[in-house]
Amino acid sequence: MSDDESFQSATVLASNKLIRENWNLRYSAFFLLCPLPAGMTGETPLWVAVQRLNDRSMPRNLLAVHRRDDDSALDRLPEERELAVCVKPIHYEYNKVLQFAEFIELNVALGASHFVFYNHTVGPDVGCLLERYASENLVTLLPWEIPLASQREIRTEALFAALNDCLYRVMYRFRWVAMIDLDEFIVPSGNITIPTMLKRLQERNKSGRAGAYSFRNAFFYLQWPDDPVAAKDKLPLVTLRKTMRKLHLHAHRQRSKCILEPESVVEVGNHFVWEFLAGKTTVNVASSVAFLHHYRVCEFGGNDCVNATSVRDTKVYYWKPRLLEAVGRRMKMLRRRDLACPGQPPRIRPGGGNRTSHTAAPVVAPSTSS
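To start, this report covers the structure provided alongside it. Keep in mind it's a predicted model, so treat the numbers as computed, not measured. Residue indices follow the written sequence of each chain, beginning from 1 at its first position. Local features in this predicted model are restricted to residues of pLDDT 70 or higher, and side-chain atom pairs are both shown and tallied only at a pLDDT of 80 or more, whereas totals for entire chains, interfaces and linings draw on every residue. Only heavy atoms go into the side-chain values, all of them from the structure, while hydrogens and water stay out.

This part takes up helix 3 (residues 159-170). A helix here means a DSSP run of H or I that spans at least four residues, while a strand means a run of E at least two residues long, and both kinds are numbered starting from the N terminus. A helix's residues, less one, multiplied by 1.5 Å, set its expected span. The end-to-end C-alpha distance of helix 3, which contains 12 residues, comes to 17 Å, matching closely the 16 Å that a straight helix rising 1.5 Å per residue would cover. Of all the 12 residues making up helix 3, 9 are buried; the element is thus mostly covered by neighbouring parts of the structure. Of the residues trailing helix 3, Tyr172 is marked for its positive phi of about 65°. Here's how the labels work: a residue is buried when its accessible area is under 20% of the maximum for its type, exposed when over 50%, partly exposed in between, all with a 1.4 Å probe on protein chains only.

The next subject is empty space enclosed by the protein. Both site types are read off a 1 Å grid over the protein atoms alone. A 1.4 Å probe that fits but cannot get out defines a cavity, while an open set with protein on both sides within 12 Å along at least five of seven lines defines a pocket; lining residues have an atom within 4 Å of a point. Grid points are joined across faces, edges and corners, and a volume is the space filled by probe spheres set on the points. Scanning all chains against the criterion turns up 3 cavities of 30 Å³ or more. Roughly 50 Å³ of internal volume is contained in the largest cavity. The wall of the largest cavity is formed by Glu21, Asn22, Tyr27, Ser28, Ala29, Ile154, Arg155, Ala158, Phe160 and Ala161. Counting residues per element, the ones that place at least two in the lining of the largest cavity are strand 2 (27-33) and helix 3. It is strand 2 that contributes the most residues to the lining of the largest cavity, 3 residues altogether. For the lining of the largest cavity, the per-class residue count stands at 6 nonpolar, 2 polar and 2 charged. In the scheme used here, Gly and all other residues not listed as nonpolar or charged are polar, with Ala, Val, Leu, Ile, Met, Phe, Trp, Tyr, Cys and Pro taken as nonpolar and Asp, Glu, Lys and Arg as charged.

A few words now on the packing of aromatic side chains. Centre distance and the angle of the planes are the two values used to describe a pair of aromatic rings. Aromatic contacts are taken between Phe, Tyr and Trp rings whose centres are within 6.5 Å, Trp giving its six-membered ring; a plane angle under 30 degrees counts as stacked, one over 60 as edge-to-face, and the others as tilted. Within this structure, the stated rule accounts for 15 aromatic pairs. Plain terms: the ring middles of Trp176 and Tyr213 are 5.8 Å apart, the flat faces sit at 50° to each other, and that makes the pair tilted. Of the two residues, Trp176 sits in strand 8 (residues 176-179) while Tyr213 sits in strand 10 (residues 210-215), which places them 37 residues apart along the sequence. On the basis of relative accessibility, which here comes to 3%, the residue Trp176 falls in the buried class. A relative accessible area of 0% places Tyr213 in the buried class. Geometrically, the ring pair formed by Tyr318 and Trp319 is edge-to-face, given 4.8 Å between the ring centres and 90° between the ring planes. With a relative accessible area of 45%, Tyr318 lands in the partly exposed category. Owing to a relative accessible area of 10%, Trp319 belongs among the buried residues under this scheme. Among the aromatic residues, those joined into a ring-pair cluster are Tyr94, Phe100, Phe103, Phe115, Phe117, Phe185, Phe220 and Tyr295. The ring centre of Tyr317 lies 4.9 Å from the NZ or CZ of Lys320, which sits over that ring. Sitting over a ring, as applied to charges here, requires NZ of Lys or CZ of Arg to be within 6 Å of the ring centre and within 35 degrees of the ring normal.

Here we take up the state of the cysteines. By disulfide we mean two sulfur atoms from cysteines, separated by a distance within 2.5 Å. This model, assessed by the stated rule, comprises 2 disulfides. Paired by a disulfide, Cys86 and Cys166 hold their sulfur atoms 1.9 Å apart. Judged by the sign of its S-S torsion, about -80°, the cystine formed by Cys86 and Cys166 is left-handed. Taken together, the residues span a long stretch of sequence, with Cys86 in strand 5 (residues 83-86) and Cys166 in helix 3 at a distance of 80 residues. Accessibility assignment for this pair places Cys86 and Cys166 in one class, buried. Here Cys298 engages in a disulfide with Cys305; their sulfurs sit 1.8 Å apart. Measuring the twist about the S-S bond at about -65°, one finds the Cys298-Cys305 disulfide to be left-handed. Here the two residues Cys298 and Cys305 agree in accessibility, since each one is buried.

Looking now at the packing of helix 1 (residues 97-109) against helix 6 (residues 320-335). Only C-alpha atoms enter the line fits that serve as axes; for helices the fit covers just the stretch in contact. Angles between N-to-C directions range over 0 to 180 degrees. One can describe the packing of helix 1 onto helix 6 by two numbers: an axis separation of 9 Å at closest approach and a directional angle of 135°. Taken together, the axis directions place helix 1 and helix 6 in an arrangement best described as oblique. Note on packing geometry: the crossing formed by helix 1 with helix 6 is right-handed. From helix 1, Val97, Leu98, Ala101, Glu102, Glu105, Leu106, Val108 and Ala109 reach across to helix 6, where they touch Arg322, Leu323, Ala326, Val327, Arg330, Met331 and Leu334. For the contact of helix 1 with helix 6, the per-class residue count stands at 11 nonpolar, no polar and 4 charged. With respect to orientation, any angle under 35 degrees is reported as roughly parallel, any angle over 145 as roughly antiparallel, any angle of 65 to 115 as roughly perpendicular, and every other angle as oblique. Rotating anticlockwise by less than a right angle from the far helix to the near helix defines a left-handed crossing, while the corresponding clockwise rotation defines a right-handed one. Note on definitions: a residue-residue contact is assigned when non-hydrogen atoms from the two residues lie within 4.5 Å.

Covered by surrounding structure in strand 5 are Leu83 and Val85 together with Ala84 and Cys86, the residues of both alternating faces. Here, strands pair whenever DSSP counts at least two bridges between them. Here 4 bridges tie strand 5 to strand 8, and the two strands are oriented parallel to one another. Directly across from Val85, in strand 8, lies its bridge partner Ala178. Inspection of the sheet shows strand 5 paired to strand 6 (residues 114-119) by 3 bridges, in the parallel sense. Paired with Cys86 across the strands is Val116, a residue of strand 6. Taken together, strand 5, helix 1 and strand 6 form a β-α-β motif whose crossover is right-handed. Here is how to tell: hold the view so the strands point away, follow the path from the first strand over the helix to the second, and if it runs clockwise the crossover is right-handed.

Right, let's talk about the pattern of salt bridges for a bit. Think of a salt bridge as a Lys or Arg side-chain nitrogen and an Asp or Glu carboxyl oxygen that are within 4 Å of each other. As enumerated under the stated definition, the model contains 19 salt bridges in all. Salt-bridge contacts for Glu275 lead to Lys17; the nearest nitrogen and oxygen are separated by 2.8 Å. With Glu275 in strand 15 (residues 273-276) and Lys17 in strand 1 (residues 15-18), this residue pair connects regions lying 258 residues apart in the sequence. Here Lys17 falls in the partly exposed class, since its relative accessible area comes to 24%. Residues joined by salt bridges that share partners form a network here, namely Lys17, Arg20, Glu267 and Glu275.

What follows is the structure in structure tokens.
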């Protein structure tokens, strides 16, 4: 449907485009493409619906099209629309509520203004906290049910469907979007926020070709001992306890993560952008400007990683007072369930995620003809 006075509708034959990252598993995420019919060039539809071929019934799944009204729309986005964060589906009944609050609150301190989560299965405490954040419009929480065996039939709860869904969901709504996991933080040097860093990077890259910025990965292994300074903290936050990091960072495209300009990207992967609009590219950010803080156990199992050359890194300590106060407030609120959750604490649905008022449907299909 277009936005002229007649509100005309048109039916077109859809096609699908396989999303590249599928790890050679049987099923893969894909894009469902609906080309504009002849005569509608230059017009932006208001709504789109998907129906089976030869289905003549009235469509019930109308989806609003994210529109860019004019070329200066993004330049006029308010400050609170500077940076969104997309996270792959939450699964395995995830219930590390202290770490989850730390993830949200540290990213807020770093300049994030909205988060998009896909709920495959979460535990009751994280579910309660998610509902609270959603009631404050800080979080969009979407159900995510995949009737496939994760890692055997499709990669990690169809994360590539979720990441690309999120890319298009925030397009024209936010200036930038970070694609990171719950144990990762993009931390700039110089005690500045991510939006401030991005503005400086944009000023350096005057060509206008930057469609994404890539940040190198640094492991902060959890097996390394806690920083003794953190022993006095009221809360055992990972980013304050684990200040030893691996000296040598990974190269770009190897465990790196990106911050994207959504309208410049066609397809995103886990560690880099697969496809841009013409004229756009990735800019690799020097580690002296910022890099990815990644808090996890040894990536290959065992404890051999602790023998790697390390260095103490306390950049996060600049945000320590604000972080401890914010997480402490959330934990105190969580102890009062009547204050933490807008309604009843969310119940875990057997075999699936919690229902919310939002919807997201992962689009998957066999990646081969088998």
